[in-house]
Amino acid sequence: MLNTIAFVVLGAALILGAFSVVTVRNVMHAAYWLLEVSVVVAGLIYFLSAEYVAILQLLVYVGAVGMLVIFTIMLTRRDPRDDERPDSYSYFALAAALLLFAALAFSVVKSPTLVARPGAASTSLVDFGLQMFSTSGWALGFEIASLLLTVALIAAVWWTKERDD
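Below, the structure is looked at part by part.

Criteria and thresholds
- Residues numbered from 1 in each chain as written.
- Predicted model: local features only at pLDDT ≥ 70, side-chain atom pairs only at ≥ 80, totals over all residues.
- Heavy atoms only, no water.
- Core = buried A, V, L, I, M, F, W, Y, C linked by side-chain atoms within 4.5 Å.
- Buried < 20%, exposed > 50% of the residue type's maximum accessible area, 1.4 Å probe, protein only.
- Helix = DSSP H or I, 4+ residues; strand = E, 2+ residues; numbered from the N terminus.
- Contact = heavy atoms within 4.5 Å.
- Phe/Tyr/Trp six-rings, centres within 6.5 Å; stacked < 30°, edge-to-face > 60°.
- Axes fitted to C-alpha atoms, helices over the stretch in contact; angles between N-to-C directions.
- Parallel < 35°, antiparallel > 145°, perpendicular 65-115°, else oblique.
- Left-handed = near helix turned anticlockwise from the far one by under 90°.

Attention now goes to the nonpolar core. Core analysis: the biggest nonpolar cluster contains 6 residues, these being Met-28, Ala-31, Leu-35, Val-62, Ile-70 and Ile-73. Put simply, the parts of the chain that give this core at least two residues each are helix H2 (27-47) and helix H3 (51-76). If we ignore the near neighbours within four places in the chain, the residues touching Met-28 are Ile-70, Ile-73 and Met-74.

In structure tokens:
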């Protein structure tokens, strides 16, 4: 019962934080909400009995990426008006988000195999390494995430560079 209550509270905090990231006008406040979302995701990962991945989530995303985003915003802004985002929203982005949500909801409802099951415990470091770096292991996901973050960082540097107008 307590796990259910904690899961519902974390889920509500995640939805509120994600909604706040995209709706607040101040970019710095959006970065703070993004930190909140990362902490809540770590809590949800912890409830899935993946304590190691939850600690990695806290260290990498909250500790490193979150602070990098905040310092990047603080160091690159030239004018206080740069902190404000316009009120215009993209209807294409809204349609894409709704389509993604519908696809995810459909797959969760229709697929009986989406239940999180803990894997067999590794008895040695070699077994753990084979499990991590196999084709269905965890390393590929982390490498894809690091590639995505590198592309985002390059895009942020390109976006804030001085332009000849």
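Okay, the packing of aromatic side chains next. Enumeration according to the criterion identifies 1 aromatic pair in this entry. Seen from their ring centres, Tyr-46 and Phe-47 are 6.3 Å apart, and the 75° between their planes marks the pair as edge-to-face. Take Tyr-46: its relative accessible area is 47%, and that puts it in the partly exposed class.

Between helix H1 (residues 2-23) and H2, the least distance of the axes is 9 Å, while the angle of their chain directions is 155°. One element, H1, and the other, H2, form an angle in the roughly antiparallel class. Read as a crossing pair, H1 and H2 show a hand that is left-handed. Mapping the contact onto sequence places Asn-3, Ala-6, Phe-7, Leu-10, Ala-13, Leu-14, Leu-16, Gly-17, Ala-18, Ser-20 and Val-21 in H1 and Ala-30, Trp-33, Leu-34, Glu-36, Val-37, Val-40, Val-41, Gly-43, Leu-44 and Phe-47 in H2.

Another point: the environment of Tyr-32. Structurally, the position occupied by Tyr-32 is in helix H2. Taking relative accessible area as the criterion, Tyr-32 reaches 43% and is therefore assigned partly exposed. A C-alpha to C-alpha distance of 9.3 Å links Tyr-32 and Gly-17, two positions 15 residues apart in sequence.

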